Structures are given as structure tokens and as C-alpha cells.
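Structure assessment
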Amino acid sequence: MTATPDLRTSRLASPDLLRSVFRQHAAGVAVITARGDEGPVGFTATSLASVSAEPPLISFGIGTGASSWPAVSRTDHVGIHVLGEHQRELAATFARSGADRFGGPTAWREGPEGVPVLDDVLAWLVCRVVARVPAGDHRVVLAEVELGEAAGAGRPLLYHQGRFNALRE
């Protein structure tokens, strides 16, 4: 049973309020990759969403201050990787600032359009970027799916309360 909201204790909109609210929201975990001028780039995202089935479009958000943003701002293609619960460390590596994201033990290969494709994920897509929409200090990237695979085994990795978690039944 949930409590009735007490409007007397509500807080005005702020970055801290938004973060607090979204800590309560469980989200799937994905890694977005792209080919950069100086090698592959990537980051962990919980903002991945299906936008349209016809044509097949997805979206994700990226901060304009993120180390991957310069490459994502210029690339024509991105890789989308849905992580499994066995990939907590991979998610943490791609979320950590300054990490060697594509060094050992990350297993990956160059895929279509030069997009880095991670191994052993639940599902992956290669998508063509069709728009980058300004949204505050972020951009919402819209991308059309060109190819992929959803044959990975296991259960999805979730992000909740600031931690990577397994799905419980």
C-alpha cells in the first residue's frame, strides 16, 4: 500500500527533485556506442525508449557535457546494447568517467558502419541517427533501426535507487 501524497511537503522543481523522483523509477540499462575520431566511445544509458514501430525508431538522452557527446554529435550511426543482469560491471565501466571503456575485459568488435558492437548482450541494434533534439543540458537522439539481434540469453539489468539490480519475480 502506498501513502497518500502530502502536498504540504512537496518541493519546488530542481535538479535534486528530479534525481530523487527518478531514483524511484526502475529503468532498463543500455550501453550506447559510436565510432569517434580517436576510437570507439560509449556510455551507460537508462533513457532508452522505443519511439515508433513504423519506421522503427528509438531515442536516448545524452548530456552535452558527456565525454561521448562530441562523437555522438557528429556520427551517422550508433550502437544500442541492452545489458543483462550478468553485466553490472560492464554497466559500471561505461558509466564511470575516465574509464578505459573498450579495454579489457570489455569484449567487442567493429560492426556495420564502424559501430562498436559489444559481445554477450541481451540484444543489440545498429541505428542511423535521424535527429538530435535540444532538451536543456541534454540532447534527445532519435535513431532509426537498421539491423540488430535479440537472441541473448538471460534477464535484463535494471537501474534503481542509484544501483544496478537484477529483476526479481
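Description of the structure in this document. Here the residue numbers are simple positions, counted from 1 along each chain's written sequence. With the structure being a predicted model, the display of local features is reserved for residues of pLDDT at least 70 and the display and counting of side-chain atom pairs for 80 or more, all residues being used for whole-chain, interface and lining totals. Only hydrogens and water are set aside when side-chain values are computed; all heavy atoms of the structure are taken into account.

**A look at the packing of aromatic side chains**
To pair, rings of Phe, Tyr and Trp, with the six-membered ring standing in for Trp, must have centres within 6.5 Å; the planes then decide the type, stacked if under 30 degrees apart, edge-to-face if over 60, and tilted in the middle. With the rule as written, the count across this model stands at four aromatic pairs. Taking the centre distance of 5.2 Å and the plane angle of 85° together, the rings of phenylalanine 94 and phenylalanine 102 count as edge-to-face. A ring pair is formed by tyrosine 159 and phenylalanine 164, whose centres lie 5.2 Å apart and whose planes are at 55°; its orientation type is tilted. Here the aromatic cluster, defined as three or more aromatic residues joined through ring pairs, consists of Phe94, Phe102 and Trp108.

**Here we look at the sheet that holds strand E10 (residues 138-149)**
Two strands form a pair only when DSSP identifies at least two bridges running between them. We count a stretch as a helix when DSSP gives it H or I for four or more residues in a row; a strand needs E for two or more, and each element gets its number in order from the N terminus. Read across the open sheet, the seven strands follow the order E3-E2-E6-E9-E10-E5-E4; overall the sheet is antiparallel. In this open sheet, the two strands that pair with only one neighbour each are strand E3 (39-45) and strand E4 (49-53). For this sheet the average axis-to-axis angle between neighbouring strands, irrespective of direction, equals 35°. Judged from the four bridges that link them, E4 and strand E5 (residues 56-63) form a sheet pairing that is antiparallel. Across the sheet, serine 50 pairs through a bridge with isoleucine 58, a residue of E5. The criterion used for residue contact is that any of the two residues' heavy atoms lie within 4.5 Å. Where helices are involved, their axes are fitted lines through C-alpha atoms of the stretch in contact, as for all axes, and angles between N-to-C directions lie from 0 to 180°. Relative to the sheet, helix H3 (residues 88-95) contacts strand E2 (30-36) and E3, its axis offset from that of E3 by approximately 110°.

**A short note on the sheet that holds strand E1 (residues 27-28)**
Taken in spatial order, the three strands line up as E1-E11-E12 in an open sheet, and their pairing is antiparallel. On the outer flanks of this sheet lie E1 and strand E12 (163-166), each paired with one strand and no other. Relative to E12, strand E11 (residues 157-160) is paired through four bridges, and the arrangement is antiparallel. Paired with tyrosine 159 across the two strands is phenylalanine 164, which belongs to E12.

**A few points about the pairing of E2**
The buried label applies to any residue whose accessible area, calculated with a 1.4 Å probe on protein chains only, is under 20% of its type's maximum; exposed applies above 50%, and partly exposed to all values in between. Of all seven residues in E2, six are buried; the element is thus mostly enclosed. Direction of pairing for E2 relative to E3: antiparallel, over a ladder of seven bridges. The partner of valine 31 across the bridge, within E3, is threonine 44. One ladder, built from four bridges, connects E2 with strand E6 (residues 77-82); its direction is antiparallel.

**Side note on the nonpolar core**
Side-chain atoms within 4.5 Å link the members of a nonpolar core, which is a set of buried Ala, Val, Leu, Ile, Met, Phe, Trp, Tyr and Cys residues. Counting residues in each nonpolar core, the largest one holds 17 residues, and the members touching the most others are Ile32, Phe43, Phe60, Ile62, Val72, Val78 and Ile80. Of all the secondary-structure elements, those providing two or more residues to this core are E2, E3, E5, helix H2 (69-74), E6, strand E9 (123-135) and E10. Setting aside anything within four residues of it in sequence, one finds phenylalanine 43 in contact with Ala30, Val31, Ile32, Phe60, Gly61, Ile62, Ser68, Val72 and Phe94. Counting 15 residues, the second-largest nonpolar core is a separate cluster that includes Phe102, Val115, Trp124 and Val126.

**Some thoughts on the pattern of salt bridges**
When a carboxyl oxygen of Asp or Glu lies within 4 Å of a side-chain nitrogen of Lys or Arg, that pair is called a salt bridge. Across all of its chains, the model carries seven salt bridges by this definition. Each of Arg128, Glu144 and Glu146 takes part in salt bridges that share partners, so that together they form one network.

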